[in-house]
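A structural walkthrough
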Amino acid sequence: MQTLTLLIEKLKKNRILSETEFITLLDGLKEDTKAAAMLQQEAQKTALEHFGNAVYIRGLIEFTNFCRNDCFYCGIRKSNFEAVRYHLSKDAIMECCRIGYDLGFRTFVLQGGEDMSYSDQAMYEIISTIRQAYPDCAITLSAGERDKETYQLWFDAGANRYLLRHETADPEHYRKLHPPRMRYEHRIQCLKDLKSIGYQTGTGFMIGSPFQTTAQLAQDLKFIHELQPEMIGIGPFIPHVDTPFKNQPAGSAERTLHLISILRLMRPEALIPSTTALGTIHPEGRELGILAGANVVMPNLSPLDVRKNYLLYNDKICTGEEAAESIEKLKEKMSRIGYRIVTDRGDYRKGDDCHV
Ligand code: SAH
């Protein structure tokens, strides 16, 4: 039987393992703390080689919590009648950007539910207005599944990146997490469209989502190897009290960290955030994520009064160091673990020129 150490070395060299090997590694890491430490060190080393001790920051603007979808895990699903709904006007979004720019952010991430009250054209105008006001900034969208024409229109307006997690690479598992109206095949098609248009494309999945098996995580890793996304966002599943999954257990921080490290070895140049969900289930989650090989944090730039309403899961942190206005505290936290926040756009760059 191959030891975990050999598997980690093989992963580092080949950037991929077989699904059986991934399963052995993921399950083995739970018991073998020495192998887990080695994985973490290798992943951290790889991130340091590619990015130095730089951590990129993205200002997260949660622009709407209206959603036409009904994902069983998500607190802003349309059947949650307890959710207090809001959406931001163009002016309110511009105000978030202004505040963010002054704080040093050079990437704005517009994230929200699938809110069809923003027409394609309305979004076009929001994106072009940001583009004109901040030519030196990157604009990232995370607004769910749309037609290729819409993605193209928004790209032409000046958006550079798009985040759309595939959620799970097993179509059967996908059906356990989503109502029938939502189709796995469509989500994957969206990812392909985004890539072909030229967006820096991000995908990802939750760790410990209900019914998830280790074999499915191995499939997620294989999917990422095939898609080669520029960005990879993962975080633990956290139950929300007003969803069908309210009694399901949360995913593990430890396993999330193992997966961040595995993904770093698979995709040395990728932009991998240390997510809010990880920071929510573990008090040092953000820092541990960076030490495990992540290189991005996404502080919250949403207006203070709406932050509490953008609740995908319970107990979401949003006013501590993860808040954009607390950037100084975040800088301090990062410098305590030997990292520094940088304010350039931090685009995906393949090859040696990405050293900073
Ligand atoms: N509507 C957009 C943005 C979704 S929110 C879209 O469809 O892409 C961003 C991510 O939050 C989701 O992709 C999902 O992976 C994650 N998420 C949703 N509910 C969650 C929960 N209960 N726990 C942890 N992560 C969750």
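Everything numeric here is computed off the predicted structure, so don't read it as measured data. The numbers attached to residues start from 1 for each chain and follow its sequence in the written order. Given that the model is predicted, a residue must reach a pLDDT of at least 70 before its local features are reported, and side-chain atom pairs must reach 80 or more before they are shown or counted; all residues, however, enter totals for whole chains, interfaces and linings. Excluded from the side-chain calculation are hydrogens and water; included are all heavy atoms of the structure.

1. Structural notes on the confidence of the model for the protein chain
Rules: One confidence number per residue, pLDDT, is output by the predictor and ranges from 0 to 100. We call two residues in contact when some of their heavy atoms are within 4.5 Å.
Overall, the prediction assigns the protein chain a mean pLDDT of 95, with 98% of residues at 70 or greater. Below pLDDT 50 for its whole length, residues 352–356 participates in 11 contacts with residues either more than four positions away or in separate chains.

2. Overview of helix H8 (residues 184–197)
Stated formally: Strands here are runs of E lasting at least two residues and helices are runs of H or I lasting at least four, both read from the DSSP assignment and numbered beginning at the N terminus. Every helix has an expected span of 1.5 Å times one less than the residues it contains. Each residue is placed in one exposure class: buried if its accessible area under a 1.4 Å probe, protein chains only, is under 20% of its type's maximum, exposed if it is over 50%, and partly exposed if it falls in between.
Under the 1.5 Å per step criterion, the end-to-end length of H8 is 20 Å for 14 residues, consistent within 8% with the ideal 20 Å. Buried within H8 we find Tyr184, Arg187, Ile188, Cys190, Leu191, Asp193, Leu194 and Ile197. Close packing links the buried residues of H8 with helix H6 (148–157), strand S5 (161–163), helix H7 (171–177), strand S6 (200–207) and helix H9 (214–227). With its phi angle positive at about 115 degrees, Gly198 sits one or two positions after the end of H8.

3. Examining the sheet that holds strand S1 (residues 54–57)
To keep things clear, this is the line we draw: Any two strands with at least two DSSP bridges between them are considered paired.
Sheet architecture is open: 3 strands sit in the order S8-S1-S9, paired in parallel fashion. Looking along the sheet, the strands with just one partner apiece sit at the ends: strand S8 (296–297) and strand S9 (340–342). Both S1 and S8 contribute to a ladder of 2 bridges, which runs parallel. Bridge pairing in S8 places Ile57 opposite Val297.

4. Remarks on the state of the cysteines
To keep things clear, this is the line we draw: To count as a disulfide, a pair of cysteine sulfur atoms needs to be within 2.5 Å.
A full pass over the atoms with the stated rule returns 0 disulfides. Cys137 takes part in no disulfide bond, and the closest cysteine sulfur, belonging to Cys97, lies 7.9 Å away. Here Cys190 is not disulfide-linked; the sulfur of Cys71 is the nearest cysteine sulfur, at 13 Å. When its relative accessible area of 1% is taken as the criterion, Cys190 is described as buried.

5. Some details on the packing of helix H2 (residues 19–31) against helix H10 (residues 253–266)
For the record, the criterion: To define axes, lines are fitted to C-alpha atoms, for helices over the stretch in contact only, and angles between the resulting N-to-C directions are given on a 0 to 180 degree scale. Our angle categories are set so that under 35 degrees counts as roughly parallel, over 145 as roughly antiparallel, 65 to 115 as roughly perpendicular, and the remainder as oblique. In this scheme the handedness of a crossing depends on how the near helix is turned from the far one: anticlockwise by less than a right angle means left-handed, clockwise means right-handed. In this count, Pro and Cys sit with the nonpolar residues alongside Ala, Val, Leu, Ile, Met, Phe, Trp and Tyr, while Asp, Glu, Lys and Arg are called charged and the others, Gly among them, polar.
The geometry of H2 relative to H10 is characterised by a closest axis approach of 10 Å and an angle of 140 degrees between their N-to-C directions. Classed by the angle they form, the pair H2 and H10 counts as oblique. As for the relative orientation of H2 and H10, their crossing is right-handed in sense. Packed against H2, whose contacting residues are Phe22, Leu25, Leu26, Asp27, Leu29 and Lys30, the element H10 presents Arg255, His258, Leu259, Ile262 and Met266 at the interface. The class makeup of the residues in the contact of H2 with H10 is 7 nonpolar, 1 polar and 3 charged.

6. Side note on the sheet that holds strand S7 (residues 231–236)
The strand order across the open sheet formed by 6 strands is S2-S3-S4-S5-S6-S7, and the pairing between neighbours is parallel. Across the chains shown, the open sheet's two edge strands, defined by having one partner strand only, are strand S2 (59–64) and S7. Strand-to-strand, the axes of this sheet are offset by a mean angle of 20 degrees, without reference to chain direction. In terms of strand pairing, S5 meets S6 through 3 bridges, oriented parallel. Across the sheet, residue Tyr162 finds its bridge partner in S6, namely Thr201. Packed onto the sheet, helix H5 (residues 120–133) meets S2, strand S3 (107–112) and strand S4 (138–142) and runs at close to 155 degrees relative to S4. Most of the contacts of H9 go to S6, to which it runs at about 175 degrees, and overall it touches S6 and S7.

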